[in-house]
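Letter by letter, the chains look like this.
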Amino acid sequence: MKIRNSLILASLASLAVLSAPAQAEYTQTEIEKIIHDYIINNPDVLIEASAKVMARQKEIEDMEKQQHIASISANKMFPQSGPAKADHVIIEFFDYNCGYCKKAKPLLIDLLKEHKDTRYIYMELPILSKISYTAAKIGIAIYNIDRNKYVEYNNKMMTRSSRLNDESEIKSVVESIGLDWEKVNEVAKKPEVDEVISAVRKEAEALKVNGTPAFIVDGEALYGAPMSKEQVLTLFKKKK
């Protein structure tokens, strides 16, 4: 807000001085009076200048947002499924203990089955509990071991009807998809796993993601759980 106000005042100052009678030099007091008189005599200019600055600020924010989305899409450290050169890209920020994330999961599984031209990027954002963080680390470890098994793990974890309470429940899911718990747990302790979660948090902060679930569908934000597949599909951009 301070930056925006400063830009507006700077613009008005330039206009006011340019509209004033030419003279070699103005004192600070004279400049302030010129600006004051200009604003009083041209109130619409203040509104117009404010609107233009706000519009420009939004353009900059949108551009930065798209840069972060592009950065996420290009970053291979984040778990993902689907074709590398997909027609559509869905980015999801989620927590394994998020009830709304779980509510949305079945319709998203169906959507991906029907639209195989979609790349899905899984942004592990454990914010609800300590066990969520453990589950996220295990998920990233599995992705580093076997990317196909990661999708199985994610789907099973996110379609559990009960809340995740302890590590034994995570172990049970890992073993149910045919992986060795000790091996996965060993990989989960590596520093690069924590680095992925830290990177997810930085991207979430940059994109103003304050809770889960949050989706970016073909560059468009969708905060909260979608109510239907159609709600997601409306954000799919048409192929050029």
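To be clear, the structure that these remarks concern was listed above.
Keep in mind it's a predicted model, so treat the numbers as computed, not measured.

**Student:** Sorry, what's going on with unusual backbone geometry here?
**Tutor:** Of all residues except glycine, most have a negative phi; of all peptide bonds, most are trans. Thr212 connects to Pro213 through a cis peptide bond whose omega is -5°. Locating Pro213 in the fold gives a position in the loop between helix H9 (191-206) and strand S4 (214-217). Not every positive phi belongs to a glycine, and Lys208 is a case in point at roughly 60°. One non-glycine residue, Asp218, lies in positive phi territory at about 50°. Note on placement: Asp218 falls in the loop between S4 and strand S5 (220-223).

**Student:** What is the right way to look at the sheet that holds S5 in this model?
**Tutor:** Strands belonging to one sheet form pairs held by backbone hydrogen bonds; the direction of such a pair is parallel or antiparallel. The strand order across the open sheet formed by five strands is S1-S3-S2-S4-S5, and the pairing between neighbours is mixed. Two strands lie at the open edges of the sheet, namely strand S1 (80-81) and S5, each paired on one side alone. Relative to strand S3 (residues 118-124), strand S2 (residues 88-94) runs parallel, the two sharing seven bridges. Paired with His88 across the strands is Thr118, a residue of S3. Of the strands in this sheet, S1, S2 and S3 touch helix H6 (residues 147-158), which is tilted by about 65° from S3. Contacts from H9 reach S2 and S3, with the element oriented near 105° to S3.

**Student:** Help me out: how do you make sense of the packing of aromatic side chains in this one?
**Tutor:** In this description, an aromatic ring pair is defined by two values, namely the gap between the centres and the angle between the planes. Applying the stated criterion to the full structure yields five aromatic pairs. Ring geometry for Phe94 against Tyr96: centres 5.2 Å apart, planes inclined by 80°, an arrangement best described as edge-to-face. For the pair formed by Phe94 and Tyr96, the shared burial category is buried. Seen from their ring centres, Tyr96 and Tyr153 are 5.7 Å apart, and the 70° between their planes marks the pair as edge-to-face. In this pair, Tyr96 is assigned in the loop between S2 and helix H4 (99-114) and Tyr153 in helix H6, connecting sequence segments 57 residues apart. Accessibility classification places Tyr96 together with Tyr153 in one group, the buried group. One aromatic cluster in this structure is built from Tyr120, Tyr122, Tyr143 and Tyr150.

**Student:** It is not clear to me how the nonpolar core should be interpreted in this structure. Could you clarify?
**Tutor:** Inside soluble globular proteins, nonpolar side chains tend to come together where they are buried. In this structure, Tyr96, Ile138, Ile142, Tyr153, Ile170 and Val174 are the most contacted members of the largest nonpolar core, which totals 37 residues. Elements that contribute at least two residues to this core include exactly S2, H4, S3, helix H5 (130-145), H6, helix H7 (167-176), helix H8 (181-188) and S4. Looking at which element gives the most residues to this core, the answer is H5, with six residues. Judged by nonpolar contacts, the second largest core, of 21 residues, contains Phe78, Ile121, Ala199 and Val209.

**Student:** Mind showing me how you'd approach the pattern of salt bridges here?
**Tutor:** Side chains bearing opposite charge may pair, as long as their charged atoms lie close to each other. On inspection of all chains with the given rule, the structure shows five salt bridges. In this structure, Lys137 and Asp194 form a salt bridge, with 3.7 Å as the shortest nitrogen-oxygen distance. Taken together, the residues span a long stretch of sequence, with Lys137 in helix H5 and Asp194 in helix H9 at a distance of 57 residues. For Lys137, a relative accessible area of 19% corresponds to the buried category. Among the salt bridges present, the one from Lys149 reaches Glu152, with a minimum N-O distance of 3.7 Å. Remark: Glu152 and Lys149 occur in helix H6; sequence separation between them is three residues, near one turn of the helix. We classify Glu152 as partly exposed; its relative accessible area is 35%.

Conventions adopted
Residues numbered from 1 in each chain as written. Predicted model: local features only at pLDDT ≥ 70, side-chain atom pairs only at ≥ 80, totals over all residues. Heavy atoms only, no water. Helix = DSSP H or I, 4+ residues; strand = E, 2+ residues; numbered from the N terminus. Pairing = 2+ DSSP bridges. Contact = heavy atoms within 4.5 Å. Axes fitted to C-alpha atoms, helices over the stretch in contact; angles between N-to-C directions. Phe/Tyr/Trp six-rings, centres within 6.5 Å; stacked < 30°, edge-to-face > 60°. Buried < 20%, exposed > 50% of the residue type's maximum accessible area, 1.4 Å probe, protein only. Core = buried A, V, L, I, M, F, W, Y, C linked by side-chain atoms within 4.5 Å. Salt bridge = Lys/Arg side-chain N within 4 Å of Asp/Glu carboxyl O.

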